[in-house]
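# Per-entry structural report
Below are the chains, spelled out letter by letter.
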Amino acid sequence: WDNADFSRGVGTTFYQEFSTLNTAKPPFVRDVEAKVRRYLRSSYSAAWTLKITWEKAPVHAARTDTRKTITYQAVLTTDGFRSYILMLYQDRGMQWDYTRLPSTNVLIGYT
């Protein structure tokens, strides 16, 4: 979630919280549950989910070219005991030139 620069007025960050303990689950939360079940081959029922979206985020130090952006999401979810994160990137959406970043050890995702 680093190296995005919103100081030039380009791009947006927003979030949506889903508290689903003892309530009906919207389709988005049901989709997250299905992904966790499929990828981890375990039962999972979300009690809380947070979706954060960085839309058309320009790279840090994008003072000269704010057209090269990326749109991505982090979805945090928990059942109260186990917690997971889904990192979702727009298909063909990485337009940052990572070779021009000050650091050479660039990751997409997390460790």
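Since this is a predicted model, take the numbers as computed values, not measurements. (Residues numbered from 1 in each chain as written. Predicted model: local features only at pLDDT ≥ 70, side-chain atom pairs only at ≥ 80, totals over all residues. Heavy atoms only, no water.)

## Remarks on the side chain of Thr 71
Structurally, Thr 71 is set in strand E3 (residues 69–78). A relative accessible area of 18% places Thr 71 in the buried class. In terms of polar contacts, Thr 71 uses its side chain to reach the backbone amide nitrogen of Lys 56, at 2.9 Å. (Helix = DSSP H or I, 4+ residues; strand = E, 2+ residues; numbered from the N terminus. Buried < 20%, exposed > 50% of the residue type's maximum accessible area, 1.4 Å probe, protein only. Polar contact = N/O pair within 3.5 Å; in protein donor to acceptor, adjacent residues only side chain to side chain.)

## Side note on the sheet that holds strand E4 (residues 83–89)
By way of backbone hydrogen bonds, the strands of a sheet pair with one another, either parallel or antiparallel. One open sheet accounts for 4 strands, arranged E1-E2-E3-E4; its pairing is antiparallel. Every other strand in the sheet has two partners, leaving strand E1 (12–19) and E4 as the edge strands with one partner each. Adjacent strand axes in the sheet meet at a mean angle of 10° when their direction is disregarded. As defined by bridge partners, E1 adjoins strand E2 (residues 48–58) across 8 bridges and the pair is classed as antiparallel. (Pairing = 2+ DSSP bridges. Axes fitted to C-alpha atoms, helices over the stretch in contact; angles between N-to-C directions.)

## A look at the pattern of salt bridges
Here the structure, examined in full by the defined rule, presents 4 salt bridges. The partner of Lys 25 in a salt bridge is Glu 33, with the nearest N and O atoms 2.6 Å apart. The class of Glu 33 is buried, set by a relative accessible area of 4%. (Salt bridge = Lys/Arg side-chain N within 4 Å of Asp/Glu carboxyl O.)

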